[in-house]
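Chain by chain, the residues:
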Amino acid sequence: MSPLSIQPLSPLDGRYQAQVAALGEHLSEAGLNRARIQVEVEWLIHLTDAELFGSRRLTADEARQLRAIVTEFGDDDIADLARREAVTRHDVKAVEYLVRDKLAALGLTEIAELTHFACTSEDINNLAYALTIRAAVRDVWMPRARSLVETLRALALELRDQPMLAHTHGQPATPTTMGKELAVTVHRLELLLATVDAIEYRGKFSGATGTFSAHLAAEPDHDWISASRDFVTGLGLTWNPLTTQIESHDWQAQLYQRISHVGRVLHNLCTDVWSYISMGYFRQIPQPGATGSSTMPHKINPIRFENAEANLELASALLDSLAATLVTSRLQRDLTDSTTQRNVGVALGHSLLALDNISKGLGEIAIDPDALARDLDGNWEVLGEAIQTVIRAEVTAGRSSIADPYAMLKELTRGHRIGGDELRAFVEGLDISSEAKARLVALTPHGYVGAASRLVDFIDPALAE
């Protein structure tokens, strides 16, 4: 067998790279290193702004040039860091040496020893991860998730009045509308996405064991605790004052659990839409040039939803693992979180790929009113619930003496089909008021949807008031 050139091992970097590429801007190794450099640079500026150890405040132009190290970070710097790390065998130390050399090139060697000052690697890493994960979620994952919710919202509003036979336990049940069922998913996702939005991205900056020991040894009179708070919050993060060497990662666990929960709701949507396609309620729109089966020309397979299911399962497995493992670190520090966090991009990548497939899948289906009508017409027995409920109300009001209405309707409808004419004849013979009888005679499976259409208003703030 001839050797292959180096190929992507993960399908996210190969087959599906185009769909998830935006995450690489933040959650790749290069994105992490750029954020590390950002933290190192901002700490340098913070220290010189305080004129510590006889340093001077940098001019606006010097600060701008320092920050340009971050904004202009590119392929040459990525390669440079790789060469440095091959020697140092330490990723953060390689970043420190790169920043020192950049300072020399800018003529700022007098502040070189303030690079990585009093920092442990985790001071840099935890802030870099918080910055990159926040950007990935807020700028990439969340917009895709909200776009999908808006697609579902529009579909729910469009189909709010489309009657549909419901299926509880897989059996014919009280009718609903397709719009109301989709609205349930929209409502669930809205509530869950709000919890993702509410996550606080936390950071620590307190030295080797979270005690500011080296800081105070160097300058006992400086308020390092306040300096740490100001520095972390200045990056737009929430300051964590009580940590070991590492930030405790509890916010990460919360974030991954919530995104995983969103994924499970979407998985439920996929299995339901797949089922509706199988039942004929949704028909698939043929895509030009697409092949459904390699041997059966007639087939259009619901591959978008199947692909999404699989990727949501992978995402949840990884997100759940991240949430479970990141909250534990032996004594004051172990390195299990280091390799674990490198898989955050993989977890979110599978989730993002699923969002993309669901969105595309929803654009490739259309409702089939005739199929829904056939199922409703074939299941008049679902009106048994309405009839027995009305009889019970009539008995309570003293307008009927029927004993055990539920048992009566069970005997009539359970285990076999009953047509409209038969059911109307049954109603005509009931000992109930003429007004109640008229309501029931007029009832059809198509019209027995209760307040389903009105309930859809709750996903539209303008209508829900």
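Residues numbered from 1 in each chain as written. Predicted model: local features only at pLDDT ≥ 70, side-chain atom pairs only at ≥ 80, totals over all residues. Heavy atoms only, no water.

Moving on, we get to the side chain of glutamate 122. Examined against the element boundaries, glutamate 122 turns out to sit in helix α6 (residues 121-158). When neighbours within four sequence positions are excluded, glutamate 122 is seen to be in contact with Gln245, Ile246, Glu247, His249, Arg333 and Asp337. (Helix = DSSP H or I, 4+ residues; strand = E, 2+ residues; numbered from the N terminus. Contact = heavy atoms within 4.5 Å.)

Turning to helix α13 (residues 344-362), a few remarks are in order. Compared with an ideal rise of 1.5 Å per residue, which puts 19 residues at 27 Å, α13 spans 27 Å between its outermost C-alpha atoms and is within 8% of the ideal. Of all 19 residues in α13, 16 are buried; the element is thus mostly enclosed. (Expected span 1.5 Å × (residues − 1). Buried < 20%, exposed > 50% of the residue type's maximum accessible area, 1.4 Å probe, protein only.)

Relative to the elements of secondary structure, leucine 443 occurs in the loop between α18 (434-442) and α19 (452-455). Each C-alpha atom, one on leucine 443 and one on tyrosine 256, is 48 Å from the other, the two residues being 187 residues apart in sequence. When sequence neighbours within four positions are dropped, the list of residues in contact with leucine 443 reads Trp380, Leu383, Ala386 and Tyr448.

What describes two packed helices is the angle between their axes and the distance between those same axes. It is the contact of helix α2 (residues 29-49) with α6, at a shortest axis distance of 8 Å, that shows an interaxial angle of 120°. In this view, α2 runs oblique relative to α6, as classed from their interaxial angle. Of the two possible hands of crossing, α2 and α6 adopt the one that is right-handed. From α2, Gly31, Leu32, Ala35, Arg36, Gln38, Val39 and Glu40 reach across to α6, where they touch Ile124, Asn125, Leu127, Ala128, Tyr129, Leu131 and Thr132. Taken together, the residues of the contact of α2 with α6 break down into 8 nonpolar, 4 polar and 2 charged. (Axes fitted to C-alpha atoms, helices over the stretch in contact; angles between N-to-C directions. Parallel < 35°, antiparallel > 145°, perpendicular 65-115°, else oblique. Left-handed = near helix turned anticlockwise from the far one by under 90°. Nonpolar A, V, L, I, M, F, W, Y, C, P; charged D, E, K, R; others polar.)

Relative to strand β2 (residues 171-177), strand β1 (residues 163-168) runs antiparallel, the two sharing 5 bridges. In the sheet register, alanine 166 faces β2, and the bridge partner there is alanine 173. The antiparallel hairpin formed by β1 and β2 contains 2 residues in its connecting segment, where histidine 169 sits at a positive phi of about 60°. (Pairing = 2+ DSSP bridges.)

With that settled, consider the UniProt feature "domain: Adenylosuccinate lyase PurB C-terminal" (unreviewed entry) in the chain. The feature "domain: Adenylosuccinate lyase PurB C-terminal" (unreviewed entry), as given by UniProt, occupies residues 329-449 in the numbering adopted here. Secondary structure content for residues 329-449 is 61% helix and 2% strand, and the end C-alpha separation is 54 Å. (UniProt positions renumbered as here; feature names shortened; annotations may be inferred.)

Right, let's get into the environment of valine 149. As for its placement among the helices and strands, valine 149 is situated in helix α6. Residue valine 149 is classed as buried on the basis of its relative accessible area of 2%. On a C-alpha basis, the gap between valine 149 and threonine 185 in space is 8.6 Å, while along the polypeptide they are 36 residues apart.

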